[in-house]
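Secondary and tertiary structure notes
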Amino acid sequence: MYSPVESDQGFNFKPEPPTSSAYYRLLKKLRRQVGHAIRDYKMIEDGDKVMVCVSGGKDSYTMLDILLQFKRIAPINFDIVAVNLDQKQPGFPEDILPRYMEENNIPYYILEKDTYSITKKLTPEGKTYCAVCSRLRRGSLYGFAQEIGATKVALGHHRDDIMATFFLNLFHGGSLKAMPPKLLSSDKKNILIRPLAYVEEKDIIKYAEMRNFPIIPCNLCGSQENLQRAIINDMLRAWDKEHPKRLHSIFGALQNVSPSQLADRDLFDFEILDEQREFDFTTCSTEEEGENKRINMVNLGFAAE
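Our subject in this report is the structure included herewith.

Reading the values: the criteria
Residues numbered from 1 in each chain as written. Predicted model: local features only at pLDDT ≥ 70, side-chain atom pairs only at ≥ 80, totals over all residues. Heavy atoms only, no water. Helix = DSSP H or I, 4+ residues; strand = E, 2+ residues; numbered from the N terminus. Buried < 20%, exposed > 50% of the residue type's maximum accessible area, 1.4 Å probe, protein only. Contact = heavy atoms within 4.5 Å. Axes fitted to C-alpha atoms, helices over the stretch in contact; angles between N-to-C directions. Parallel < 35°, antiparallel > 145°, perpendicular 65-115°, else oblique. Left-handed = near helix turned anticlockwise from the far one by under 90°. Nonpolar A, V, L, I, M, F, W, Y, C, P; charged D, E, K, R; others polar. Phe/Tyr/Trp six-rings, centres within 6.5 Å; stacked < 30°, edge-to-face > 60°. Lys NZ or Arg CZ within 6 Å of the ring centre and 35° of its normal. Arc of directions from axis to C-beta.

A look at the overall build of the protein chain
A tally of regular secondary structure across the protein chain gives 12 helices and 6 strands. The burial tally for the protein chain puts 39% of its 305 residues in the buried class. In the protein chain, of all internal contacts separated by at least 6 residues, the share reaching a separation of at least 24 is 76%.

Set out below in structure tokens:
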């Protein structure tokens, strides 16, 4: 086990929790939001083994920290194991996550796979790495979840990630979809959960700073300019600053979908509407009755002249 010392970056790998009132208010808020998400979508059940995917970023550290707190106080029993995928990026500080996990007595695995070289090879020049990188990363982590017998795979996407994905698909994919808080993987072998689904990114930033997590930046994607997701994130931040209630309303809309008010024929059966109509045409049995009940219509023909 590593000694409880600071790294060259100045991180304390086993910091004492903050004691300020601001910290406890924020912690209470995060616990409430994560707890509601777990309850609303039945993310974690008694006997679960939750594989928490930890990248070294603020989101995954926060998710792991809050879930570990829930493990101690929850009325159900479940296990947590942290898993990091070492993608063999040049300059990746391989010592930081193992030291943090061991100093805090967190069960963990480091999965080593050179997806970095594969991503660089498969990505056309001038294109962003995200699509290939995320696909390779998901495949590696989901397969490993099966190997260790994990019943749930926890991902660190927060509320703003979900909305950004919605707008990316809306603007560039021609579809209305985002990141659901709970999902069955396409191969139907893994249940994916996003415990931070209700949590705002700005609160995660504050919490990570207060907890002094040893953040590891993503140099692979971060080195690329003009990422569409970054542009969308800037748009969301501007909205949050200028219209504080807008993002709350947008996320609420993702939870309040009316299929009959859209245009997806697979999602809603528009053909059956005629059969469901309750107007009784037999009430107009005679021409005289029909005249009496007929609605006088205004002739709008002049509008076309």
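Remarks on the packing of helix 1 (residues 21-40) against helix 7 (residues 201-211)
Following both chains from N to C, one finds helix 1 and helix 7 inclined at 130 degrees, their axes separated by 11 Å at the closest point. For the element pair helix 1 / helix 7, the angle class is oblique. For helix 1 against helix 7, the interelement crossing comes out left-handed. Residues Ala 22, Tyr 23, Leu 26, Leu 27, Lys 29 and Leu 30 of helix 1 pack against Asp 203, Lys 206, Tyr 207, Met 210 and Arg 211 of helix 7. For the contact of helix 1 with helix 7, the residue count by class is 7 nonpolar, no polar and 4 charged.

Thoughts on the packing of aromatic side chains
Following the criterion strictly, the structure yields 13 aromatic pairs and no others. For the ring pair Tyr 23 and Tyr 24, a centre distance of 5.3 Å and an interplane angle of 65 degrees mean the geometry is edge-to-face. Judged by its relative accessible area of 45%, Tyr 24 falls in the partly exposed class. Judged by centre distance (5.6 Å) and plane angle (75 degrees), the rings of Phe 167 and Trp 239 are edge-to-face. Taken together, the residues span a long stretch of sequence, with Phe 167 in helix 6 (residues 159-173) and Trp 239 in helix 9 (residues 228-242) at a distance of 72 residues. For Phe 167, a relative accessible area of 8% translates into the label buried. Cluster of aromatic residues (ring-pair linked, three or more members): Tyr 23, Tyr 24, Tyr 61, Tyr 100, Tyr 207 and Phe 213. Note that Lys 71 overlies the ring of Phe 78, its terminal NZ or CZ placed 5.9 Å from the centroid. Above the face of the Trp 239 ring, Arg 246 is positioned so that its terminal group lies 5.0 Å from the ring centre.

Digging into helix 7
Here helix 7 has its buried residues at Glu 201, Asp 203, Ile 204, Tyr 207, Ala 208 and Arg 211. Summarising the axial view, the buried residues of helix 7 lie within an arc of 150 degrees, below the 170-degree limit, and thus occupy one face. Of the surrounding secondary structure, the elements contacted by the buried residues of helix 7 are helix 1, helix 2 (58-73), helix 6 and helix 9. Of the residues trailing helix 7, Asn 212 is marked for its positive phi of about 55 degrees.

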